[in-house]
Amino acid sequence: MERSRYGDLFLAESREHISAMNHLLLALEADPAAREPVEGLFRAVHTIKGMSATMGYRAVADLSHEMEELLEELRQGVRSASSEVVEALFAATDGLEVAVEHAVVGRESAHDATPLIERLRGLARPGDRDGGPGALRVEVELDAGCALPGVRAFLLLRRARELGEVADVQPAEPELQAGAFDGRFAFSLRCDRPAAELEPQLRAVGEIAALRLRAAAAVPALTVELAPSAEPAPTHPAGPGAAGRARQMRVDPARLDAMMNQAGELVILRDRLRRIVAEARSAELSEVVDQTSRLIDELQNEIMRVRLVPVAQVFDRFPRMVRDAAQSLGKQVDFEVEGSALEFDRSLLDEMSDPIVHLLRNSIDHGVEPPGERLRAGKPETATVQLVAARERSRAVIRVSDDGRGIPRERVVSRAVAQGLVSPAAAAALSDDEIYRLLLQPGFSTAEQVTDVSGRGVGLDVVATRVRSVGGTLEITSEPGRGTSFTLRLPLTLAIVQALIVGVGRERYAVPIAHVAESAEVEAAALREVGGQRVAMLREALVPVLPLGEALAAAAGPPARLVPLVVLELGEQQVALQVDALLGQQEIVVKSFDATSDTLRAFSGATILPDGRPALILDVGAVPAMLEGTLQAVRS
Amino acid sequence: MSQTVLICDDAIFMRTMIGDILTQAGFQIVGEAETGLQAVQRYRELKPDLVTMDIVMPDMGGIDAVREIMKEDPGAKVLMCSAMGQQALVIEAIQAGARDFVVKPFQPSRVLEAVQRVLG
């Protein structure tokens, strides 16, 4: 088996199935009598089992086989989906996920599935654990790579007949010998040897992926399972089953990233070419460049569209996580998801997945009250946590909100004072927005005790940093007793952004246009100092001004009569950047770097300008801190 | 001492391939046969630990050769080599006394697994 080639396929498909299984288990938990979740679970487990057996991942195959057994009993109605059963399946699904991830990196032995298998077996064979002498039902699944399954089945039955009396072979022997089955068959074996002794003897026949013995009485009829099913046996990833899906193909995301990068470089060259053409004044050259430009634009758009994936791909794993978190904290939570069908850039979703997990945990842990407290406050016992994806002009919006207790202002303030983040005097004058921003300071946590769910010492600052690093903003709104919401506003793609290029002294910087409200030139005399803060009067409002040259310790140009300002929109707040020159708007390809590096905190990445010179991309999210002088944005 | 093998196949290509697989795994190829008749004769002379037997060969096919060999030595260990789609013939060979089978095209690992099962 060529693992290198199929490993990625196996991993991708298994992850999809495991994600689906979590959903189906939630549905089953909500309605234990429902049939569809059981059928779906059975199919998912069955597929994973087939794939893993093909890949030779024994641990995955064994565990999924055991899950399949239990699900088969649910299908047959022999067993009901009790909470004990559902819990065991949840645990086994988690185990399966771990086993899959370990298997593909060749560390299969790192995960011991035996306890989970034992747990499932304990459920699957009520009151009948030891087998004992008498009739046993033997269920066999042959290796997916077995070349002549009919002959292998024949060999196994022959061996069984040496050991005892064989009866009730399904499918019937002529069919088996002709190979007209999907690799699975079963028979009854009557003999007086213990099952533990029989199993290795039967397995020695070879090419057996799974073999199971159990007391015949405990087993429902197996005809349904063993009839040649319409669903093809998942033997080879590119087998006949793939024909119906031939219109889609899987692509390594790294290739898309590389294509996107190259398209980005083309965009930069295009801009350079345009400048040259403008100087060359040749109608013919200009026409060719125009056409080329259009093609490059289309190419870039196409690649961007290929990179779009449904939000559901990331959101689908959250219901399970929310359920577990709520359960472990003893809270009752209804989880609502909106906008799953929207499509966002894959790398953006990848980047935001962890921050969303963090915000959801934060909401459940800190926002949502325990049921008793909610009842006393006159609220429904069950809280609602919402996860919403939306498009807002040229931005992607992700919002996590709850109807919990809201952010406790006093506790945040006293905590911030205690931690020296703010002086008691200044604390009194803080606006709501400023107080909420305290939550985003590194290390800030109001949780009195560390819980399993959140508050492990990493706070919202991690979320804020990550959001900033992709050029997004995080907005917090909260109402005491009514709830809290965290809104992430993100660029639609991480690879290419529209930016305003500004000059400060001899340096040039790129300001992501998504945050720019307007640019303006004002009379130098219109700038004033109010309480040590430079401000400008813009449209009859006072806007704080950040002299970018000073903030970045870059050599600023000589004072001019007209001062160029770039007005940024930061949540509810506006801040004007004072620069030396406005050099125009253009698309830039973001080359990100590690934004946590201290000397570069003011920047989220770098880019190459059309003339081939590099420019740093301003981290707009860091502007408030620069304004307060708390971020010393010194370049190394 | 390494275990001895007699390879029976009418194609040099297949004999060479099986020979290479088994030699590399430490077996000693003591003889080869191109027909069923030769296979029976050589088995008698060499008494190898293992026989690999093609099904379709001139001058007595592999299945008849298995029957003859089993008649002389009920303990003989024969591994059938078959092409895809010959399950009926393979079953017949097993009923005649062959212990296991491998299917062409050969994968070395599968051949060695089958050999281990036959000898084990």
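So, how was this worked out
- Residues numbered from 1 in each chain as written.
- Chains lettered and ligands numbered in written order.
- Predicted model: local features only at pLDDT ≥ 70, side-chain atom pairs only at ≥ 80, totals over all residues.
- Heavy atoms only, no water.
- Helix = DSSP H or I, 4+ residues; strand = E, 2+ residues; numbered from the N terminus.
- Buried < 20%, exposed > 50% of the residue type's maximum accessible area, 1.4 Å probe, protein only.
- Arc of directions from axis to C-beta.
- Contact = heavy atoms within 4.5 Å.
- Salt bridge = Lys/Arg side-chain N within 4 Å of Asp/Glu carboxyl O.
- Buried area = accessible area lost by both parts, 1.4 Å probe.
- Polar contact = N/O pair within 3.5 Å; in protein donor to acceptor, adjacent residues only side chain to side chain.
- Nonpolar A, V, L, I, M, F, W, Y, C, P; charged D, E, K, R; others polar.

So, about unusual backbone geometry. Q170 of chain A connects to P171 of chain A through a cis peptide bond whose omega is -10 degrees. The omega angle of the peptide bond from K104 of chain B to P105 of chain B is 0 degrees, so this bond is cis rather than trans. By secondary structure assignment, the location of P105 of chain B is in the loop between β5 (100-103) and α5 (108-119). Of note, D168 of chain A is a non-glycine position whose phi angle comes to about 55 degrees, a positive value. For D168 of chain A, a relative accessible area of 48% translates into the label partly exposed. Although it is not a glycine, K47 of chain B adopts a positive phi angle of roughly 45 degrees.

Let us look at helix α3 (residues 62-72) of chain B. All names here are of chain B. Within the sequence span of α3, burial applies to G62, I63, A65, V66, I69 and M70. Buried residues of α3 fall within an arc of 155 degrees about the axis and therefore sit on the same side. Packing partners of the buried residues in α3 comprise α2 (36-46), β3 (50-54), β4 (78-82) and α4 (87-96).

All names here are of chain A. Enumeration according to the criterion identifies 52 salt bridges over all chains in this entry. Residue R152 is joined to E207 by a salt bridge in which the shortest nitrogen-to-oxygen separation is 2.7 Å. Within this pair, whereas R152 is found in helix α6 (residues 149-163), its partner E207 is found in the loop between α8 (195-203) and β4 (208-215), the two being separated by 55 residues in sequence. Summarising the burial analysis for this pair, R152 and E207 share the class buried.

Each side of the interface is counted separately: chain A has 18 residues, and chain B has 16 residues. Approximately 1,300 Å² of surface area, both sides summed, lies buried where chain A meets chain B, with 61% of it carried by carbon and sulfur atoms. On the chain A side of the contact with chain B, L148, V151 and F154 of chain A bury the most area, a combined 38% of that side's loss. Linking chain A with chain B are three salt bridges. At the surface where chain A touches chain B, the tally comes to five residue pairs in polar contact (both at pLDDT 80 or more). No other element matches α6 of chain A, which puts six residues into the side of chain A that touches chain B. Within the side of chain A that touches chain B, the residues separate by chemical class into nine nonpolar, five polar and four charged.

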